[in-house]
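In case you want the letters, here they are:
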Amino acid sequence: MSVRNLDALMNPRSVALVGASDREGSLGSLVWRNLTRAGFKGMLYPVNPRRKSVGGIVAYKDVSVLPEAPDLAVIVTPPPLVPELVAQAGAAGTRAAVIISAGFTAEQRQQALDAAKPYLMRLQGPNCLGLIVPPLGFNGSFAQLMPDSGGIAFLSQSGAILTSVIDWAGPRGIGFSHLVSLGEMADVDFGDLLDYLAIDPNVTAILMYVEAITNARKFMSAARRAARVKPVIVIKAGRHPQAAKAVASHTGAMAGSDDVYDAAFRRAGMLRVYGLPQLFTAFETLAQLKMMPKGDRAAILTNGGGIGILATDAAIDAGITLSELGPETMAKLDAVLPATWSKGNPIDVIGDASPERYAAALTALLADPDNDGIIALNCPTATADASASAAAVIEAYAKSPKPLFTAWIGQATAAEARNMFSHFHIPSFETPEAAVRGFSHVVRYRRSQELLMETPPSMPTSFAFNAKAVERIIAPALAEGRAMLTSPEAQAVLAAYDIPTSGTEIASDAAAAAAIAERLGGPVAVKILSPDISHKSDVGGVALDLRGPGKVARATLEILARARSKRPDARILGVTVEPMIRRSGGVELIIGVTEDAQFGPIILFGEGGTAVELIGDRALALPPLNLKLARDLMASTRVWKRLSGYRDQPPANLDAIALTLTKVSQLIVDIPQVAELDINPLLVDAESAIAVDARIRLKPNDLPGSARLAISPYPRELETSLLTTDGTNYLLRPIVPEDEPQVQALITRLSPEAIRFRYFSTIRELSHRDAARFTQIDYDREMALVLTETGDAGKTPVYAVVRLMSDPDNETAEYSIVVEDRLTGRGVGTALMHRILDYAKSRGIHEVFGYVMKENANMLGVCEALGFSVAAQPDDFDSYRVSLQLG
């Protein structure tokens, strides 16, 4: 992550156009015209060694002879000249450049990056439309129009999309804070801009057109941060294989799996839409709503049966639930509607509905606790004025906290009504389907925000992960150059992470298999054992439900013969024998892991069994997972309804499934050599979940497991003990989301003075939103260590917290600390400061700073003892700024 010098790009005070020209139709002429006509108040400098002036303004031969170093250079020269021009601008003091020029070779692009690096100069592009900042009157692009000023930042990998958006938005009165064409993203990319725009108070929403992500970890970190503070809405192009090929041709980057991108957007809390109109509709809807719906239950109010049916179909397609009308609501509606009304949802108030009838029906629905929002529709009729009906709806809705979505159909008769709704900040659409889509966008956005903020249940500590055991299991295979683990090896890996397995035994021949079967008793399964055969059924290498040593021996001979016949090249080691696992009402599931080119390891969950590809019921998630994220993954599949209890079958043990997913997630974090993993089937019933069969593919990897993940996992290596001066031993570990209730409890135990020293105000408790923000951290940019005891997070008390939050460039970091009153004077504060400073040094942070109230003598004493400098603040008479240079 880096926002260094992005202020010079996104908020320039002076600009040089390198390659400026007044030759009609040239790129330099088009960009210069836009720069000079947009109303930019800063200095503009044309640079062209072949011209004395451009457009009547004195031109300069190069950036080095300008009267001042411009903040930003816009470059439109041929690619071979660009690296030298970047070096000249950087040497002159220019801090950013927009490279519009296209046609760069890989070598030329790298040369431009190398030229910028010594000056920490930021590069946008190359091969881009340019940059537009309407509030500044800045148009450093060759777009045909200057957009209106507003609060939307629009980031696009496609210049054509950006110009189309400008043209589309103008008549609709949609304004922008920034429009950025990223081009090939040689330097500045989505992650950088998300970091910058997240903290820009003038940006109300971030909209993105994405073709490919180049740095998944940076993107995920920045996107999760931005989505917590403002809407981030994204279109992802290249969803299908043919389109993905076009993306690769256009950007030079792989488009990747669309399912994986979808999982990444959900995890980041972003709202994904499909099409440019949806992009702006989603933003307008979120901006206008007074309150988010609490659920997904919609009541549809209409004066036309046809449009009500269309809305119903659209709602079902979008996963929206049509609310049930309870007896009280039915009675209210019967009292105000004709006897021929629809008597259900959608609520058809009949085509001759007067404005008063609309208002009365809406009032009844707004009071109904069984819906979460209303979709009001109107089609033109000769018996009622559309605008009068709209006015009645607006008046009836005036004081309601529920969300209302409207669609007044038509043009000549409905345009005025739609304008009325917009004036009163009520989302208004032109079709029933669009209104339903608006409701769906809001529901999905609310769900994504809840997922970001929801506190997961405590993870039990009754099991232990044994990474060393797994390393011993896989070492021989890696030494042999073998990619696939055998079935017994794979089951041993799962057992090391406390995942129950069926218990496989190895038999080298038929006699040994028969002896194992006799000892086990009951029916058994016999499967081929070969490091070269991973899909056993493909070679007839599986026999199930065998009873008695004789049948087992015959089946073993047949399996060995078939395998040798179909795979004469394979090394046959014998067979495995395992007890048949039977579960009355059991469900076969699959848990898988694969590696994505952009986002690294991906976890798959769905319905399993031999027909898994035909069933096609699966959902994806990015690790690491906790129990809440695991359950959300499970709920994204069709088999979830069956697992939750179906007809006369009891619910499956959902906790056991979720726990298995988190264990697999931890395995992937700890063991970087695991490239692929399949548990199929994972057999579950009301009591347990057991891995019946497993397949693991290895790949040599010397990097830590966490390095390949798109989201930084829990840094277990930071766990340590802390002995206080009174001899009490505590556990000091990184904070986890499950800690939220105990952090809340810590705040309630603090004295008023301790609270004031930490929060500079008097509070008695943290809101859930604040507590979630403090406990659900991104370990790539923030660290918090909690003083606690050994036990389940969320159940064991938290006694102290020390926090460090770094800037995106990892240059400086602000610390904060809170210690329970009864532990003061026992060396806890000093010990925690030592640990967090050691961590800061390990991350390469140059300066740690904080703010300490002048009355807080204890903290000031700790800081002075640690070597912090203490300085008064000219604008704050109550606190000091303390800082420590780490070098």
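Heads up: these notes are all about the structure in this document. Within each chain, residues carry numbers counting from 1 in the order of the written sequence. With pLDDT at 70 or above as the cut-off, local features in this predicted model cover only qualifying residues; side-chain atom pairs require 80 or more to be listed or tallied, and sums for whole chains, interfaces and linings still use all residues. With hydrogens and water excluded, all non-hydrogen atoms of the structure serve as input to the side-chain values.

**So, unusual backbone geometry**
Link 1 in the chain: Of note, the amide linkage connecting glycine 125 to proline 126 takes the cis form, showing an omega dihedral of -5°.
Link 2 in the chain: Locating proline 126 in the fold gives a position in the loop between strand S7 (122–124) and strand S8 (130–133).
Link 3 in the chain: The linkage connecting asparagine 345 with the following residue, proline 346, adopts the cis geometry, with an omega of 15°.
Link 4 in the chain: Helix and strand assignments follow DSSP, with helices taken as H or I runs no shorter than four residues and strands as E runs no shorter than two, numbered in order from the N terminus. Relative to the helices and strands, proline 346 resides in the loop between helix H12 (327–336) and strand S17 (347–348).
Link 5 in the chain: For asparagine 5, which is not glycine, the phi dihedral falls at a positive 65°.
Link 6 in the chain: Checked against the element boundaries, asparagine 5 lands in the segment before helix H1 (6–10).
Link 7 in the chain: Only protein chains enter the accessibility calculation, which uses a 1.4 Å probe; a residue whose area is less than 20% of its type maximum is buried, one above 50% is exposed, and one in between is partly exposed. The exposure class assigned to asparagine 5 is buried, which follows from its relative accessible area of 13%.

**Points about the nonpolar core**
Link 1 in the chain: Met208, Phe219 and Phe599 are the most contacted members of the largest nonpolar core, which totals 71 residues.
Link 2 in the chain: When residues in this core are grouped by element, the largest group, seven residues, is from helix H7 (residues 216–227).
Link 3 in the chain: Whether two residues are in contact is decided by their heavy atoms: any pair within 4.5 Å suffices. Sequence-distant contacts of methionine 208, defined by excluding residues within four places in its chain, comprise Leu155, Phe190, Leu194, Phe219, Val232, Ile233, Val234, Ile235, Met270 and Leu279.
Link 4 in the chain: Here, the term nonpolar core denotes a set of buried Ala, Val, Leu, Ile, Met, Phe, Trp, Tyr and Cys residues that are joined through side-chain atoms within 4.5 Å. Among the nonpolar cores identified, the runner-up in size contains 55 residues, and Ile755, Ala793, Ile817 and Ile836 belong to it.

**Side note on the sheet that holds strand S21 (residues 505–507)**
Link 1 in the chain: Pairing between strands is defined by DSSP: at least two bridges between them are needed. Taken in spatial order, the four strands of this open sheet run S21-S24-S22-S23, and their pairing is antiparallel. Of all the strands in the sheet, just S21 and strand S23 (542–546) have a single pairing partner and so form its edges. Mean inter-strand twist for the sheet, computed between neighbouring axes without regard to direction, equals 25°.
Link 2 in the chain: Where strand S22 (residues 524–529) lies against strand S24 (residues 574–579), six bridges are found, and the strand directions are antiparallel. The partner of lysine 527 across the bridge, within S24, is threonine 576. Fitted lines through C-alpha atoms serve as axes, helices being fitted only where they are in contact, and the angles separating the N-to-C directions of these axes extend from 0 to 180 degrees.

**Topic: the packing of aromatic side chains**
Link 1 in the chain: A pair of Phe, Tyr and Trp rings is counted when the ring centres sit within 6.5 Å of each other, with Trp represented by its six-membered ring. The angle between the planes then sorts it: under 30 degrees is stacked, over 60 is edge-to-face, the rest tilted. Following the criterion strictly, the structure yields 13 aromatic pairs and no others.
Link 2 in the chain: Their ring planes at 65° and their centres at 5.4 Å tell us that tyrosine 730 and tyrosine 799 sit as a pair that is edge-to-face. Placement of the pair is tyrosine 730 in strand S32 (residues 729–734) and tyrosine 799 in the loop between strand S33 (782–788) and strand S34 (800–806), with a sequence separation of 69 residues. Each member of the pair, tyrosine 730 together with tyrosine 799, is buried.
Link 3 in the chain: An aromatic cluster of at least three residues, connected via ring pairs, comprises Phe219, Tyr261, Phe265 and Phe599.

**Concerning helix H24 (residues 654–670)**
Link 1 in the chain: Expected span of a helix: the number of residues minus one, times 1.5 Å. Spanning 17 residues, H24 covers 25 Å between terminal C-alpha atoms, matching the ideal 24 Å at 1.5 Å per step.
Link 2 in the chain: With 15 of its 17 residues buried, H24 lies for the most part within the structure.

**Details of the packing of H12 against helix H13 (residues 355–366)**
Link 1 in the chain: Running from N to C, H12 and H13 cross one another at 170°; their axes reach a closest spacing of 9 Å. By the criterion of interaxial angle, the relationship of H12 to H13 is roughly antiparallel. Contact residues: Thr329, Lys332, Leu333 and Val336 in H12; Arg357, Ala360, Ala361, Ala364 and Leu365 in H13.
Link 2 in the chain: Grouping the constituent residues of the contact of H12 with H13 by class yields six nonpolar, one polar and two charged. The labels follow the angle: roughly parallel below 35 degrees, roughly antiparallel above 145, roughly perpendicular from 65 to 115, and oblique for the rest. Think of it as three bins: nonpolar holds Ala, Val, Leu, Ile, Met, Phe, Trp, Tyr, Cys and Pro, charged holds Asp, Glu, Lys and Arg, and polar takes everything else, Gly as well.

**Considerations on the pairing of strand S36 (residues 847–853)**
Link 1 in the chain: Among the seven residues of S36, six are classified as buried, and the element is accordingly described as predominantly covered.
Link 2 in the chain: Two elements, strand S35 (residues 812–819) and S36, share three bridges in a ladder whose sense is parallel. Of the residues in S36, the one forming a bridge with threonine 812 is glutamate 847.
Link 3 in the chain: Once you follow S35 into helix H28 (residues 828–842) and on to S36, the crossover reads as right-handed.
Link 4 in the chain: Of the pairings in the sheet, the one linking S36 to strand S38 (residues 876–885) comprises seven bridges and is antiparallel in character. The residue bridging valine 848 from the neighbouring strand is leucine 884, located in S38. A right-handed crossover is one whose linking path, passing over the helix from the first strand to the second, runs clockwise when the strands point away from the viewer.

**Let's talk about the pattern of salt bridges**
Link 1 in the chain: Here a salt bridge means any side-chain nitrogen of Lys or Arg lying within 4 Å of a carboxyl oxygen belonging to Asp or Glu. Throughout the structure, instances matching the rule amount to 52 salt bridges.
Link 2 in the chain: The closest approach of N and O atoms between aspartate 195 and arginine 225, which form a salt bridge, is 3.0 Å. Residue aspartate 195 is located in helix H6 (residues 190–198), and its partner arginine 225 is located in helix H7; the two are separated by 30 residues in the primary sequence.
Link 3 in the chain: By relative accessible area, which is 0% here, aspartate 195 ends up buried.
Link 4 in the chain: For arginine 225, a relative accessible area of 27% gives the class partly exposed.
Link 5 in the chain: One salt bridge connects arginine 756 with glutamate 855, and the closest N-O pair in it is separated by 3.0 Å. Taken together, the positions of arginine 756 in helix H26 (residues 752–759) and glutamate 855 in the loop between S36 and helix H29 (857–866) put the pair 99 residues apart, joining distant regions of the chain.
Link 6 in the chain: Through salt bridges with shared partners, a single ionic network connects Arg122, Asp187, Asp189, Asp192 and Lys218.

**Here we look at the side chain of arginine 122**
Link 1 in the chain: Residue placement: arginine 122 occurs in strand S7.
Link 2 in the chain: Think of a polar contact as two N or O atoms within 3.5 Å of one another; within protein, one of them needs to be a possible hydrogen donor and the other a possible acceptor, and neighboring residues in sequence only count if both atoms come from side chains. Looking at arginine 122, its side chain comes within polar contact range of the side chain of aspartate 187, at 3.0 Å.
Link 3 in the chain: Side-chain polar atoms of arginine 122 contact the side chain of aspartate 192, separated by 3.2 Å.
Link 4 in the chain: Contact partners of arginine 122, with chain neighbours within four places excluded, come to Ser2, Val3, Arg4, Asn5, Leu6, Arg95, Ala96, Ala97, Asp187, Val188 and Asp192.

**Examining the packing of helix H14 (residues 386–397) against helix H15 (residues 415–423)**
Link 1 in the chain: Axis separation between H14 and H15 bottoms out at 8 Å; the angle between their running directions is 20°. The orientation of H14 relative to H15 falls into the category roughly parallel. For the pair H14 and H15, the sense of crossing is right-handed. Where H14 approaches H15, its residues Ala386, Ser387, Ala390, Ala391, Val393 and Ile394 are matched on the opposing element by Glu416, Ala417, Met420 and Phe421. Working rule for handedness: look at the near helix, and if it is turned counterclockwise from the far one by less than a right angle, call the crossing left-handed; if clockwise, right-handed.

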